[in-house]
Amino acid sequence: MTQLIKVANWPGRPRGHVIFVHGLGGHPYDTWRRGKADAGFWPLWLARDIPGLCVWTLSYAAPPTNWIGNALALPDQAVPVLECLLGEPVLTTAPVTFVCHSLGGLVVKQVLREANDQRGHRPEAGALLDRVKVLVFIATPHTGAIQATWLDRLRLVAWPSPVAQDLIKNAPALRKLNVWYRNWPNEIANQVFYEAHATEAGMIVDPDGADPGLLNVVPIPIEADHIGICKPAGKDELLYTATRRFLAENIGGEDRPAEEYAAAKLETPTLPAVSRSRPKTWLPRMLRLAVLILVAVIGFKGIQAVFFPPDLLQESGIEEVLRTKYPELTPEQIERSIRSLQALRDEPRFEQAVEQAEKGNLHVAQGIWRQIYENRKHQEDKARSERAEAARNLAAIAFVENAAEGLRWYREATQLDPDNREGWLGLGEAAQATGTLEEAEAAYRKYIALARRADDKRELAVGLSGLGDVLVAEGNLPAARRAYEQDLAIAKRLAEADPSHAGRQRDLSVSYNKLGDVLVAEGNLPAARRAYEDSRDILKRLAEADPSHAGRQRDLSVSYERPRRRAGGGGESARGASGL
């Protein structure tokens, strides 16, 4: 229940009112004192040290969890607090100060915002706002607290109250409230304190969260934790001396002569007993408790099943069954089979395997292990394939600057994935570039075999062309010519199948050129001339089809010079080439 309790009062018209507002899980008295004795209750110290000051404490329900009580959400809690303040006529007689610990600062800011929203239609709300002169924040989480976030994450067990859920770190509603307070035009003097020490649960409100970001307000660190910061041990502690001085300087109000206060006596009424909130309804708590017990039982059973599983094999008598059914087996062989069965303990079909094994049938266990083998083989194959792909990519890049390094990685790639054609093609090219012709020939032949298996004509032609190049480098011209002739035959079929495909037409021209080169080397100049002319005719058609294509024009120009370059060097070959 929300209640405003008077702590101390001076006779006559007060100079000002100070209202203490506790935080989450707080108490209107215990929050502000170290023990039960009034001697440590520092709201009374202020009343005695600042004559004319009327001191109050606000009581409202703010349990951190629904297990120990009921609470309203922050916006809802502001409404009864505001009504409680407006319902106290004596507060209209002097300026008002709020001293707030933790959540209490947020409650007061929300109250001020609520009053500001009602100012237009409730004059008393506007009058209250005009009387608020000082606001002291003590470890107030203006942007929330991480502990509230953890309470929310553990909500099934912790069951945070609505107001505790409002304190989640960086909650949008808190950020919006803080921005409103910073931008709200007022003449309130603000003082900010923050805790410098952590509790056993950590730092509840860090320095950044305790700073509301107000202009010209410097937060003051207090060497205490979140609980002890609002419980000064004596009047000489910083929290008390700084608060007393700040109130005396900023509260304003009517300052009566000192002799008048000397003649008066501070009134300290007996404080009414205020008990902490208790749960009002038990059904939701019993239901949640039942759910927690159920979850705990399931969790315990799960842990028991994982770490202390029942030994089905020991109780099954499988060893005796197998010994009877398979008398030729040695004890060691039976023991190994049982260990293999036991290794399946975590498999879903383990109990079924044990049930069949009790009958002497091990086919279920065999099936499980076969599936495990296939799964692991698939994983290994996939890993090898991925490593091979990485090696091929590395080889392609390394080959640009260092052919030998590229060759090394293409070898690695083909060992890891021998069925990948790209790796063998790269290996052939790298081996040829580094002069290891036997390895290059073997790589191209493997590439050709894989292309034939896949019935990929285009790739088959590429492999035959590369093989022909290697055979030429080895000096085996007849074999090279046969490879080029096979390449040419495939290129012709592909080009005839799609005459408009410029790429296939150019491939065909290249095949004619390579055949022409080997024919020149063999001394068959008439046949070489025909091959070169066929290549030139193709390039001429491509160049005429796209006169602006620089590459095609260059290919055509080179085709006129190629016969002379290939046959150059003098002698009969050179003289014969002049007619090409």
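Before reading further, recall that the structure is shown in the block above.
All values reported here derive from a predicted model rather than from experimental measurement. Here, residues in each chain are numbered from 1, in the same order as that chain's written sequence. In view of the model being predicted, local features appear only for residues whose pLDDT reaches at least 70, and side-chain atom pairs are presented and counted only at 80 or more, with totals across whole chains, interfaces and linings using the full set of residues. Note that water and hydrogens are dropped before the side-chain values are worked out from all heavy atoms of the structure.

Enquirer: I keep staring at the overall build of the protein and nothing clicks. Help me out?
Expert: Of the regular secondary structure elements, the protein holds 26 helices and 7 strands. Put simply, the radius of gyration uses C-alpha atoms, and a globule should come to 2.2 Å times the residue count raised to 0.38. Relative to the globule expectation of 25 Å for 580 residues, the C-alpha radius of gyration of the protein, 46 Å, shows a markedly less compact shape. Overall size of the protein, expressed as C-alpha extent along the three principal axes, is 140 × 85 × 45 Å. Counting every position in the protein, which comprises 580 residues, the buried fraction comes to 44%. For the protein, the share of sequence-separated contacts (at least 6 apart) that also reach a separation of at least 24 residues comes to 73%. We get accessible surface area from the Shrake-Rupley algorithm with a probe of 1.4 Å; when it comes to residues, only the shown protein chains can shield them. As displayed, the protein offers around 30,100 Å² of accessible surface, 53% of which is attributable to carbon and sulfur atoms. Counting from the N terminus, the helices are the DSSP runs of H or I reaching at least four residues and the strands are the DSSP runs of E reaching at least two. Each residue gets one of three labels from its accessible area relative to the maximum for its type: buried under 20%, exposed over 50%, partly exposed in between, using a 1.4 Å probe on protein chains only. Note on contacts: a residue pair is in contact if any heavy atoms of the two residues lie within 4.5 Å.

Enquirer: In this structure, what is going on with the packing of helix H20 (residues 437-453) against helix H21 (residues 457-474)? I would like to understand it.
Expert: Each pair of packed helices can be summarised by the angle the axes make with each other and by the distance between the axes. All axes here are fitted lines through C-alpha atoms, helices being fitted over the stretch that makes contact, and every angle between N-to-C directions spans 0 to 180 degrees. One can describe the packing of H20 onto H21 by two numbers: an axis separation of 9 Å at closest approach and a directional angle of 160°. Comparing their axes, H21 and H20 come out roughly antiparallel. Where H20 crosses over H21, the two elements pack in a sense that is left-handed. Contacts between H20 and H21 pair Leu437, Glu438, Ala440, Glu441, Tyr444, Arg445, Tyr447, Ile448, Ala451 and Arg452 from the former with Glu459, Leu460, Val462, Gly463, Leu464, Gly466, Leu467, Val470, Leu471, Ala473 and Glu474 from the latter. Here the angle decides the label: under 35 degrees means roughly parallel, over 145 means roughly antiparallel, 65 to 115 means roughly perpendicular, and every other value means oblique. Each crossing is labelled by how the near helix is turned from the far one, with a counterclockwise turn of less than a right angle marking it left-handed and a clockwise turn marking it right-handed.

Enquirer: Honestly, a nonpolar patch on the surface in this entry has me stumped. Any pointers?
Expert: Patch definition: residues above 30% relative accessible area lacking any salt bridge, with like charges linked at up to 9 Å and the nonpolar side chains Val, Leu, Ile, Met, Phe, Trp and Tyr linked at up to 5 Å. Salt-bridge detection follows one rule: a side-chain nitrogen of Lys or Arg within 4 Å of a carboxyl oxygen of Asp or Glu. Side chains of Leu156, Val157, Val291 and Val295 sit close together on the surface and give an oily, nonpolar patch of about 320 Å² of accessible area. Of all the elements in the fold, those that place two or more residues in the nonpolar patch are helix H6 (155-158) and helix H12 (283-307). You can see Val157 is positioned in helix H6. Owing to a relative accessible area of 55%, Val157 belongs among the exposed residues under this scheme.

Enquirer: Teacher, can you tell me more about the side chain of Asp517 here?
Expert: Mapped onto the fold, Asp517 is located in helix H23 (residues 502-522). What makes Asp517 buried here is its relative accessible area of 15%. Polar side-chain contacts of Asp517 include one of 2.5 Å to the side chain of Tyr532. Pairs of N or O atoms within 3.5 Å make up the polar contacts considered here, provided that, within protein, one atom can donate a hydrogen while the other can accept it, and that residues adjacent in sequence are counted only when both atoms are side-chain atoms.

Enquirer: Would you take a moment to explain unusual backbone geometry for this structure?
Expert: Excluding glycine, a negative phi dihedral is what most residues carry, and trans is how most peptide bonds are arranged. Even without glycine at this site, Ser102 takes up a positive phi of about 55°. Along the chain, the position of Ser102 falls in the loop between strand S4 (96-101) and helix H3 (103-118).

Enquirer: I tried to follow the pairing of S4 on my own but got confused; where do I start?
Expert: Here is the key point about a regular strand: its side chains alternate between the two faces of the sheet. Across the 6 residues of S4, 6 count as buried, placing the element largely inside the fold. Of the two faces of S4, the one lined by Val96, Phe98 and Cys100 and the one lined by Thr97, Val99 and His101 are each fully buried. Pairs of strands are assigned from DSSP output, requiring at least two bridges between the strands. The sheet contact formed by strand S2 (residues 16-21) and S4 spans 5 bridges and is parallel. Pairing of Phe20 across the sheet is with Val99, part of S4. Here S4 runs beside strand S5 (residues 132-138); their pairing, made up of 6 bridges, is parallel. Bridge assignment links Val99 to a residue of S5, and that residue is Val136.

Enquirer: I would appreciate a short explanation of the packing of aromatic side chains in the present structure.
Expert: Geometry of an aromatic ring pair is reported as the spacing of the ring centres plus the angle between the planes. Centres within 6.5 Å are what make two rings of Phe, Tyr or Trp a pair, Trp counting through its six-membered ring; a difference in plane orientation under 30 degrees is then read as stacked, over 60 as edge-to-face, and the rest as tilted. Under the defined criterion, the tally for this structure stands at 11 aromatic pairs. Judged by centre distance (6.3 Å) and plane angle (40°), the ring pair of Tyr181 and Trp184 falls under tilted. Within the aromatic cluster, the residues linked to one another by ring pairs are Phe20, Trp32, Trp42, Trp45 and Tyr240. Cation over ring: Arg33 sits above Phe41, and NZ or CZ is 5.7 Å from the ring centre. A positively charged side chain is recorded as over a ring if its NZ (Lys) or CZ (Arg) lies within 6 Å of the ring centre. The angle to the ring normal must also be within 35 degrees.

Enquirer: Just to check I follow, could you spell out the sheet that holds S5 for this structure?
Expert: Strand pairing in a sheet is mediated by backbone hydrogen bonds. Such pairs are either parallel or antiparallel. With respect to topology, 7 strands assemble into an open sheet ordered S1-S3-S2-S4-S5-S6-S7, the strand pairing being mixed. Both edges of this open sheet fall to strand S1 (3-8) and strand S7 (220-222), since each of them pairs with a single strand only. The sheet shows a mean angle of 25° between the axes of neighbouring strands, taken without regard to direction. The pairing of strand S6 (residues 189-195) with S7 spans 3 bridges and is parallel.

Enquirer: Just to check I follow, could you spell out helix H10 (residues 238-250) for this structure?
Expert: Since the α-helix packs 3.6 residues into each turn, any two residues three or four apart lie on the same face. A helix is expected to reach a length of 1.5 Å times the quantity of its residues less one. Under the 1.5 Å per step criterion, the end-to-end length of H10 is 18 Å for 13 residues, consistent within 8% with the ideal 18 Å. Taken as a whole, H10 has its buried residues at Leu239, Tyr240, Thr241, Ala242, Thr243, Phe246 and Leu247.

Enquirer: I'm lost on the state of the cysteines in this one. Help?
Expert: Put plainly, two cysteines are in a disulfide when a covalent bond ties their sulfur atoms together. The definition used for a disulfide is geometric: two cysteine sulfur atoms within 2.5 Å. Taken as a whole, this structure holds 0 disulfides when the rule is applied. The cysteine Cys84 is free of any disulfide, with Cys54 supplying the nearest cysteine sulfur at 13 Å.

Enquirer: Would you mind showing me how to read the pattern of salt bridges here?
Expert: Opposite charge on two side chains permits pairing when their charged atoms draw close. Under the criterion given, the structure shown has 23 salt bridges. Put simply, Glu124 and Arg122 hold a salt bridge, and the shortest N to O gap is 3.1 Å. Classification of Glu124 by relative accessible area gives partly exposed; the value is 36%. What you see here is one network of salt bridges that share partners, running through Asp49, Lys235 and Arg244.

Enquirer: Which parts of the structure should I look at to understand helix H5 (residues 146-153)?
Expert: Among the residues making up H5, those that are buried are Ala148, Thr149 and Asp152. All buried residues of H5 project into a common sector of 105° when viewed along the axis, lining one side. On its buried face, H5 sits against H6 and helix H7 (162-165). Regarding the arc, it is the one traced by the directions from the helix axis to the C-beta atoms.

Enquirer: Would you mind going over the environment of Ala78 with me for this structure?
Expert: When you line up the elements, Ala78 lands in helix H2 (residues 74-86). For Ala78, a relative accessible area of 0% puts it in the buried group. Each C-alpha atom of the pair Ala78 and Arg411 lies 76 Å from the other, and the pair is 333 residues apart in sequence. Ala78 has contacts with Gln110 and Val111, leaving out every residue within four places of it along the chain.

Enquirer: Please clarify how the packing of helix H17 (residues 363-401) against helix H18 (residues 403-416) should be interpreted in this entry.
Expert: Following both chains from N to C, one finds H17 and H18 inclined at 165°, their axes separated by 7 Å at the closest point. One element, H17, and the other, H18, form an angle in the roughly antiparallel class. The two elements H17 and H18 cross, and the hand of that crossing is left-handed. Contact residues: H17 offers Arg384, Arg387, Ala388, Ala391, Arg392, Leu394, Ala395, Ala396, Ala398, Phe399 and Glu401, while H18 offers Ala403, Glu405, Gly406, Trp409, Tyr410, Glu412, Ala413, Gln415 and Leu416. Charged means Asp, Glu, Lys or Arg here, nonpolar means Ala, Val, Leu, Ile, Met, Phe, Trp, Tyr, Cys or Pro, and polar covers whatever is left, Gly included. Within the contact of H17 with H18, the residues separate by chemical class into 12 nonpolar, 2 polar and 6 charged.

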